[in-house]
Amino acid sequence: MQNTILSHQEIQHKIRRIAYQIYEANVEEKEIIIAGIDGGGLKFAKKIQTVLKKITDATITLCKVSMDKSNPLESGVTTSIPESAYINKSVVLVDDVLNSGTTLIYGAHHFLKNPLKQLKTAVLVNRNHKKYPVKADYKGISLSTSLQEHVHVNFQTKNDMVYLD
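As the structure is a prediction and not an experimental result, all values here were calculated from the model.

A. Representation of the pattern of salt bridges. What the rule picks out here adds up to 4 salt bridges. Note that Lys117 is salt-bridged to Glu29, the shortest N-O span being 3.3 Å. Here Glu29 lies in the loop between α1 (8-25) and β2 (31-37) and Lys117 lies in the loop between α4 (102-111) and β6 (118-126), a separation of 88 residues in the sequence. Residue classification places Lys117 among the exposed residues on the basis of a relative accessible area of 55%. A salt bridge links Glu31 to Lys89; the shortest N-O distance between them is 3.0 Å. One end of the pair, Glu31, is in strand β2; the other, Lys89, is in the loop between β4 (78-79) and β5 (90-98), and 58 residues separate them in sequence.

Structure below.
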């Protein structure tokens, strides 16, 4: 059984709102690093980057964050830009769904190995099933779901959708 949680239009609204929140928290910054966790997080980060480029003169740098999501401790975390590129910068770590918090906590740990101006997190869907003490600073929607339910995020041209099954 599939239940639509967010329609394409609702997702576009949430992306704009999150982009404005990021901008407001970084209004003095000359560069903002938008670090998307590979997969849905990177797709969501690209959408946020597109809106930010329209509303600020700051340089918006997209960074791909890669890890084995089932075993991030073993695989480690890598980024598409060198560590020197985000030292003393404002970083927003982005994922599509915050479920257990595993990918966000390991992603945050990677960035915190260097001095940053600030590190914030953004997710489209916050599921409230955390194993780790990690929170989303910017979130599209919070859902209280059972562990058996699965949130799907589909990013497709003009047909983005979030649904539960």
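Still more ground to cover, so stick around.
B. Geometry of the nonpolar core. Membership of the largest hydrophobic core comes to 29 residues, with the highest contact counts inside it found for Ile48 and Leu124. For this core, the elements supplying multiple residues, two or more each, are α1, β2, α2 (40-55), β5, β6, β7 (138-142), β8 (151-154) and β9 (161-164). The residues contacting Ile48, other than those within four sequence positions of it, are Ile15, Ile18, Ala19, Ile22 and Val94. Residues Cys63, Tyr86, Leu93 and Val134 belong to the second largest nonpolar core, which totals 19 residues.

C. Representation of the side chain of Thr56 within the structure. By secondary structure assignment, the location of Thr56 is in the loop between α2 and β3 (59-66). Within the structure, the side chain of Thr56 is placed 3.0 Å from the backbone nitrogen of Ala58, a separation counted as a polar contact.

D. Just the side chain of Lys14, in detail. For Lys14, the position within the fold is in helix α1. Buried and without a salt bridge, Lys14 has Glu10 as its closest oppositely charged side chain, separated by 7.0 Å. The contact partners of Lys14, leaving out residues within four places of it in the chain, are Leu6, Leu124, Gly140 and Ile141.

E. Inspection of the sheet that holds β5 at higher detail. In spatial order, the strands read β4-β3-β2-β5-β6-β7; together these 6 strands make up an open sheet with mixed pairing. Because the sheet does not close on itself, it has two edges, and the strands there are β4 and β7. Note: β2 against β5, 5 bridges, orientation parallel. From the neighbouring strand, Ile34 faces β5, where its bridge partner is Val92. Across the sheet, α4 touches β2, β3, β4, β5 and β6, and the angle it forms with β5 is around 165°.

F. Here's a closer look at the pairing of β2. Most of β2 is tucked away, with 7 of its 7 residues classed as buried. Of the pairings in the sheet, the one linking β2 to β3 comprises 7 bridges and is parallel in character. Within β3, the position partnered with Ile37 by the bridge is Val65. In this view, the connection linking β2 to its parallel neighbour β3 by way of α2 has right-handed handedness.

G. Molecular detail of the pairing of β5. Here β5 lies mainly inside the structure; 9 of its 9 residues are buried. The sheet contact formed by β5 and β6 spans 8 bridges and is parallel. Bridged to Asp95 within β6 is Val123. In this view, the connection linking β5 to its parallel neighbour β6 by way of α4 has right-handed handedness.

H. Just the packing of α1 against α2, in detail. Contact pair α1 / α2: the axes reach a minimum separation of 9 Å and the direction vectors enclose 60°. With respect to α2, the axis of α1 lies oblique. The crossing of α1 and α2 is right-handed. Taken together, the residues of α2 that come into contact with α1 (itself represented by Ile15, Arg16, Ile18, Ala19, Tyr20, Ile22 and Tyr23) are Phe44, Lys47, Ile48, Val51, Leu52 and Ile55. Grouping the constituent residues of the contact of α1 with α2 by class yields 11 nonpolar, no polar and 2 charged.

Quick notes on the rules
- Residues numbered from 1 in each chain as written.
- Predicted model: local features only at pLDDT ≥ 70, side-chain atom pairs only at ≥ 80, totals over all residues.
- Heavy atoms only, no water.
- Salt bridge = Lys/Arg side-chain N within 4 Å of Asp/Glu carboxyl O.
- Helix = DSSP H or I, 4+ residues; strand = E, 2+ residues; numbered from the N terminus.
- Buried < 20%, exposed > 50% of the residue type's maximum accessible area, 1.4 Å probe, protein only.
- Core = buried A, V, L, I, M, F, W, Y, C linked by side-chain atoms within 4.5 Å.
- Contact = heavy atoms within 4.5 Å.
- Polar contact = N/O pair within 3.5 Å; in protein donor to acceptor, adjacent residues only side chain to side chain.
- Lys, Arg positive; Asp, Glu negative; His and termini not counted.
- Pairing = 2+ DSSP bridges.
- Axes fitted to C-alpha atoms, helices over the stretch in contact; angles between N-to-C directions.
- Right-handed = clockwise from strand over helix to strand, strands pointing away.
- Parallel < 35°, antiparallel > 145°, perpendicular 65-115°, else oblique.
- Left-handed = near helix turned anticlockwise from the far one by under 90°.
- Nonpolar A, V, L, I, M, F, W, Y, C, P; charged D, E, K, R; others polar.

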